[in-house]
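Structural characterization, general
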Amino acid sequence: MTGRKKGLSNDEKKTRLLELFHESRDVWILKDLERVAAKEKGIVQNTVKDILDQLISDNLVTMEKIGISNYFWSFPGAAAAQRRNALQDLEEQVASAKKQRNELDTQIEKAQIGREDTEERAELLVAYKASTELQASLKAELVQFKDCDPALIDAKAKAAENAKIAANRWTDNIFCLQLYCRDKFNVDTADFSRHFSIPGDLDNFD
């Protein structure tokens, strides 16, 4: 006893219909294609149109309307050429993505310059914090001295002068470190100030 013959799968139908195009090297109308595909390739006639539409969607078969009729064709070299073109497009996309990634990596490396956790950076941050705190303290004290007696003002003024000299020294140290990083690491002074949150109006006391 023999088993029942199994019908063709959808992929098998597509393969056989495409073979018919390539073997015939001809241009077809749907009516003739349905008849010959059923006879020579064993494809059920009423399924040929659906399989043909799939091949057209896959760009394996070309359709063109001439007059009132649709004509279909596919030649062996066309499918191979399409695969080559698709592969070339994919390779170009991969190359473009790789180039963009390399450019981003370069930008990230440049952005990291001057932000390394070095001993010099730590010392600079400490110096800057001490300088700004001292300046704020001196300004507060000067406001309090406004209505004091002359002797006290004179004593406070001398103390303030000494503190101002110290503050200017710290400010000079910051500027020196700023120039050092500019000359040694090619860090722009504006970028340096931005990275360490140094205000643009930082300057020595007059």
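See the structure printed just above.
Parameters at a glance
- Residues numbered from 1 in each chain as written.
- Predicted model: local features only at pLDDT ≥ 70, side-chain atom pairs only at ≥ 80, totals over all residues.
- Heavy atoms only, no water.
- Pairing = 2+ DSSP bridges.
- Helix = DSSP H or I, 4+ residues; strand = E, 2+ residues; numbered from the N terminus.
- Axes fitted to C-alpha atoms, helices over the stretch in contact; angles between N-to-C directions.
- Parallel < 35°, antiparallel > 145°, perpendicular 65-115°, else oblique.
- Contact = heavy atoms within 4.5 Å.
- Nonpolar A, V, L, I, M, F, W, Y, C, P; charged D, E, K, R; others polar.
- Salt bridge = Lys/Arg side-chain N within 4 Å of Asp/Glu carboxyl O.
- Buried < 20%, exposed > 50% of the residue type's maximum accessible area, 1.4 Å probe, protein only.

Focus on the pairing of strand S2 (residues 69-73)
- Pairing geometry for strand S1 (residues 62-66) and S2, over five bridges, is antiparallel. By the bridge assignment for S2, Thr62 is matched with Trp73.

Observations concerning the packing of helix H2 (residues 30-41) against helix H3 (residues 48-57)
- Where H2 meets H3, the closest approach of the two axes is 10 Å, and the angle between their N-to-C directions is 110 degrees. For the element pair H2 / H3, the angle class is roughly perpendicular. Two secondary-structure elements touch here, H2 through Leu30, Leu33, Glu34 and Ala37 and H3 through Val48, Lys49 and Leu52.
- Along the lines of polarity and charge, the residues of the contact of H2 with H3 split into five nonpolar, no polar and two charged.

Quick notes on the pattern of salt bridges
- In total, this model carries six salt bridges according to the counting rule given.
- The salt bridge involving Lys41 is made with Glu23; its shortest N-O contact spans 3.2 Å. Note that Lys41 is positioned in helix H2 and Glu23 in helix H1 (residues 10-24), a separation of 18 residues in sequence.
- When the shortest N-O distance is used, the salt bridge between Arg35 and Asp32 registers 3.6 Å. Here Arg35 pairs with Asp32, and both are found in helix H2, just three residues apart, close to one helical turn.
- Looking at Arg35, the relative accessible area reads 48%, which means it is partly exposed.

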